[in-house]
Every structure is written in C-alpha cells, then in structure tokens.
Amino acid sequence: MRSPGEVEFLIEVSDGGVAPRVGDRAMVKRTMSKVFKVGDHVKWNSEAGSVSGVIARKVTSNTRYKGYLRHASRDEPQYIINSDKSDHVAIHKGSALHLIPARTKAKARKIERER
C-alpha cells in the first residue's frame, strides 16, 4: 500500500535487471518522495521518539551539512527543518516526514514568531 502523496511508476529494465518479468519486458516499481513546501509543519521519528518542526528550506542539490554530504536533487529533495521544542535543526528526505494536519499549523506559526 502506498502512502498519500506517493506515485507509482513502472519502468523498463534491460535484460541484466533483477526485476519480475511481465510478458517479455522486465518491470520495476518505484515511488517518488513526498513533496513539502517551506512553512509546512511536519513530524519524523528519531532515536528519542517523534519530533516535529517547521520546514525552513527545500534543498535540491548536494549539500554538506554538519560534516556530511547530503544527496539531494529536484526529484529527491531534502528539507531543512527547525524543531518546535528546541534550537535543533535537522535535514531529512521527504520519505521520512509526515505532514501534520492544518489545524495545528497556527500553533507552528506562533512558535516561529516567538523565535
């Protein structure tokens, strides 16, 4: 079952591929990452539990962040997120994020104004 916001694609693979055969062509399922915009209130899982924050920036090219190279592209962007409860800044793929319903966005904007 696909998550909301994910789109399924079928692509052809050359004979050397490791895909299930459908007729005489090999097919592979691939999903696109979820797309968010600046200002969206999102949550994600961390070692300490669920964390929430507001997207500050969308990254669409490879970026060095906290000493690590983060791979991003227009097709697979990463997002810089400001945590709601601390000064922590994180960067995550769209597939790791979950949109928080709109009714709590007003609270997120209030938190942003207080900073």
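Here the structure is a predicted model, which is why all the values come from computation and not from measurement. Note on numbering: residues in each chain are counted from 1, in written sequence order. pLDDT decides what is reported in this predicted model: residues at 70 or higher carry local features, side-chain atom pairs at 80 or more are listed and counted, and totals for whole chains, interfaces and linings draw on all residues regardless. Excluding hydrogens and water, the side-chain figures rest on all heavy atoms present in the structure.

**Here's the deal with the sheet that holds strand E5 (residues 49-59)**
Then comes step 1: Strands qualify as paired when DSSP identifies two bridges or more between them. Numbering of helices and strands runs from the N terminus, with a helix taken as a DSSP run of H or I at least four residues long and a strand as a DSSP run of E at least two residues long. Judged by pairing direction, the sheet is antiparallel, and its five strands sit side by side in the order E9-E8-E5-E4-E10 without closing on themselves. Unpaired on one side and paired on the other, strand E9 (89-93) and strand E10 (98-99) mark the two borders of the sheet.
Then comes step 2: Both strand E4 (residues 41-46) and E10 contribute to a ladder of two bridges, which runs antiparallel. Residue valine 42 lies in a different strand from E10, and its bridge partner there is leucine 99.

**Things to note about the nonpolar core**
Then comes step 1: Definition of nonpolar core: a set of buried residues of the types Ala, Val, Leu, Ile, Met, Phe, Trp, Tyr and Cys, connected through side-chain atoms within 4.5 Å. We call a residue buried when its accessible area falls under 20% of the maximum for its residue type, exposed when it is over 50%, and partly exposed in between, using a 1.4 Å probe and counting protein chains only. In terms of nonpolar packing, the biggest core is built from eight residues, these being Phe36, Val42, Trp44, Ile55, Tyr79, Ile81, Ala90 and Leu97.
Then comes step 2: Contributing elements (two or more residues each) for this core: E4 and strand E8 (78-83).
Then comes step 3: In contact with isoleucine 55, other than residues within four places in its own chain, are Phe36, Lys37, Val38, Gly39, Asp40, Val42, Tyr79, Ile80, Ile81 and Leu97.
Then comes step 4: Ranked by size, the runner-up nonpolar core spans five residues in total, among them Val59, Ala72, Ile80 and Ile91. In this description, contact between two residues means that some pair of their heavy atoms is separated by no more than 4.5 Å.

**Re the confidence of the model for the protein chain**
Then comes step 1: Scored from 0 to 100, pLDDT records how confident the predictor is in each individual residue. This prediction gives the protein chain a mean pLDDT of 76; 61% of its residues lie at or above 70.
Then comes step 2: Counted against residues more than four places away or in other chains, residues 6-17, with its pLDDT under 50, gives 27 contacts.

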